[in-house]
Amino acid sequence: MTLQAFARYDVATALGQGTREIQEDAVVTDFPAGMDVGFVVLSDGMGGHAAGEIASSILVTEVFAELKFKLSDLKKHEAHIPAILKNAAMTSNACIRDYVSENPCNYGMGATLVAPLLVEDRLYWISVGDSPLYLQRDGRMQQLNEDHSMAPEIDRMVASGLLSPEEGLDHPDRNCLRSVLLGDSVAKIDCPQEPFQVHEGDIVLVASDGLQSLRDDEISAVLRENEDCSATEIAFALLTTVNALSDPDQDNISISVIKVNRSQTTSVFVPEYRSRRAAAGMAQTRLVPFPGGS
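Quick word on the overall build of the protein chain
Thinking step 1. What the protein chain contains, in helices and strands, is seven helices and 14 strands.
Thinking step 2. Counting every position in the protein chain, which comprises 294 residues, the buried fraction comes to 45%.
Thinking step 3. Here the analysis covers contacts within the protein chain between residues at least 6 apart in sequence; of these, 69% occur between residues at least 24 apart.
Thinking step 4. When the accessible surface of the protein chain is summed, it comes to about 14,900 Å², and 51% of that surface belongs to carbon and sulfur atoms.

Dropping the structure here:
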């Protein structure tokens, strides 16, 4: 029997600790083999020492569990995906609140969240904070989700002439977050009601802000140079490029790369019947669509 598997998505994840004493990023992916659905949950913790690690772990664990349970049949529940994503975020936020109430020494801990979810060629997401969700198409990259740091506001001040480009780039408040999950009310949530349409050849990149030691054009250049490579090779190339900066203040880095492959029926050859030829050792076969094909 000959099996040919043409997965809709090629997915890989990489993490780097940078120069930090502890890894406060957490990421998990779920793209079941043979299916054309899946999701990533990525969180960048904050709060100092172990608290950030705990916050990101709580978020990733709770959001993953909620999505896995509620979306066992993603296509069936597709109309409710934005509501399910928001509920998962709020449930995990409540878990952080409960943890802090039992461990007041960790008051102030929190984490960002970005969770893209794919159903065939439709991309949904929820994000809180400044962890970016990028799309590379035809060699050009754009950020799909909102940046909930002060960076966009500072960039607007630069554009209006209130700050020089140098002042904007080095502004001490640039990385301050306007929204984060820390068990309290959430100021901003980015969760579009309508999905974004992905195309064959697109590269979806989910990351913590540690990747943004590279400029957007540098990230795009790495994706462009490696667009024919596997997701694993792309993730490694990005991590290698960041490490080559040798930045003494390099933050944790977490990356998930999703390559959208050609939409193609997966097939398997199986015996159809046995004729006199088959009895003589020459099996007759027919082409049967494999259930997991897209």
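Here's the deal with the packing of aromatic side chains
Thinking step 1. Using the criterion set out here, one finds two aromatic pairs in the structure.
Thinking step 2. Centre to centre, the rings of tyrosine 9 and phenylalanine 31 are 5.4 Å apart; their planes meet at 70°, and the pair counts as edge-to-face. Highlighted residues: tyrosine 9 in strand β2 (residues 9-16) and phenylalanine 31 in the loop between β3 (25-30) and β4 (37-46), separated in sequence by 22 residues.
Thinking step 3. Both rings, one in phenylalanine 39 and one in phenylalanine 64, keep their centres 5.7 Å apart while their planes meet at 50°; by these two values the pair is tilted. Placement of the pair is phenylalanine 39 in strand β4 and phenylalanine 64 in helix α1 (residues 50-70), with a sequence separation of 25 residues.
Thinking step 4. Classification of phenylalanine 39 as buried rests on a relative accessible area of 4%.
Thinking step 5. For phenylalanine 64, a relative accessible area of 24% puts it in the partly exposed group.

Definitions and cut-offs
Residues numbered from 1 in each chain as written. Predicted model: local features only at pLDDT ≥ 70, side-chain atom pairs only at ≥ 80, totals over all residues. Heavy atoms only, no water. Helix = DSSP H or I, 4+ residues; strand = E, 2+ residues; numbered from the N terminus. Buried < 20%, exposed > 50% of the residue type's maximum accessible area, 1.4 Å probe, protein only. Contact = heavy atoms within 4.5 Å. Areas by Shrake-Rupley, 256 points an atom, 1.4 Å probe, with all protein chains shown as cover. Phe/Tyr/Trp six-rings, centres within 6.5 Å; stacked < 30°, edge-to-face > 60°.

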